[in-house]
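Structural overview for review
Residue-level listing of the chains:
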Amino acid sequence: VQLQASGGGLVQAGGSLRLSCAASGSIFSINAMGWYRQAPGNQRELVAAITSSGSTNYADSVKGRFTISRDNAKNTVYLQMNSLKPEDTAVYYCNAAVWGLKYQDYWGQGTLVTVSS
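Quick look at the overall build of the protein chain now. Tallying secondary structure elements over the protein chain gives zero helices and eleven strands in all. Secondary structure elements of the protein chain, listed N to C terminal, follow the sequence β-β-β-β-β-β-β-β-β-β-β. Against the globule reference of 13 Å for 117 residues, the protein chain gives a C-alpha radius of gyration of 14 Å, in line with a compact fold. Projected onto its principal axes, the C-alpha positions of the protein chain cover 45 × 25 × 20 Å. Taken over 117 residues, the protein chain has a buried fraction of 39%. The long-range fraction of contacts in the protein chain, counting pairs at least 24 apart against all pairs at least 6 apart in sequence, stands at 54%. Just so you have it, the protein chain exposes about 6,200 Å², and 48% of that area is on carbon and sulfur atoms.

The structure is reproduced here in structure tokens:
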């Protein structure tokens, strides 16, 4: 199973970006999917997560600005990021709990989001 993330880039403060992460390979089903981020010198932290039934949770720092969604038919999770702030600058990683040949957590390769002030 592989997770391929895309959509990062450079944006000015107040702007928007949309991240995508597609899972491929021997997949029977996917439970929770999520986005994490890691800024230089910081630990990786949860940004947002979504269950297979669509329940979501968000870090307090992004509530009201970011929206996580998923397309189960495409095994894809999205993160719509609005009103971006310089402190949102980080490498964003997608994560998925996958039932494939075995049950396992998988990580994408990371996509860099840079927000300029």
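Having seen the model, we can carry on.
Right, let's talk about the packing of aromatic side chains for a bit. Summed over the entire model, instances satisfying the criterion amount to two aromatic pairs. Relative to tyrosine 103, the ring of tryptophan 99 has its centre 4.7 Å away and its plane inclined at 45°; by these criteria the two rings are tilted. According to the relative accessible area criterion, tryptophan 99 is partly exposed, its value standing at 41%. Using a relative accessible area of 41% as the deciding quantity, one classes tyrosine 103 as partly exposed. Sitting above the plane of the tyrosine 93 ring, arginine 44 keeps its charged end 3.8 Å from the centroid. One Lys or Arg, arginine 44, reaches over the ring of tryptophan 107 and ends 4.7 Å from the middle of that ring.

Here the focus is the nonpolar core. Ranked by size, the top nonpolar core spans 30 residues in total, and within it Trp35, Val47, Phe66, Leu79, Met81 and Tyr92 carry the most contacts. Of all the secondary structure elements, the ones that give two or more residues to this core are strand S1 (2-6), strand S3 (17-24), strand S4 (29-38), strand S5 (45-50), strand S7 (66-71), strand S8 (76-81), strand S9 (90-99) and strand S11 (111-116). Top element by residues in this core is S9. It accounts for five residues.

Let's shift gears to unusual backbone geometry. Among all residues except glycine, the phi angle is most often negative; among peptide bonds, the trans geometry is most common. We note that asparagine 75 has phi near 50°; this positive angle belongs to a residue other than glycine. Here asparagine 75 lies in the loop between S7 and S8. We note that serine 83 has phi near 50°; this positive angle belongs to a residue other than glycine.

Conventions we followed
Residues numbered from 1 in each chain as written. Predicted model: local features only at pLDDT ≥ 70, side-chain atom pairs only at ≥ 80, totals over all residues. Heavy atoms only, no water. Helix = DSSP H or I, 4+ residues; strand = E, 2+ residues; numbered from the N terminus. Rg over C-alpha atoms; globule rule 2.2 N^0.38 Å. Buried < 20%, exposed > 50% of the residue type's maximum accessible area, 1.4 Å probe, protein only. Contact = heavy atoms within 4.5 Å. Areas by Shrake-Rupley, 256 points an atom, 1.4 Å probe, with all protein chains shown as cover. Phe/Tyr/Trp six-rings, centres within 6.5 Å; stacked < 30°, edge-to-face > 60°. Lys NZ or Arg CZ within 6 Å of the ring centre and 35° of its normal. Core = buried A, V, L, I, M, F, W, Y, C linked by side-chain atoms within 4.5 Å.

That's the geometry; what it means functionally is another story.
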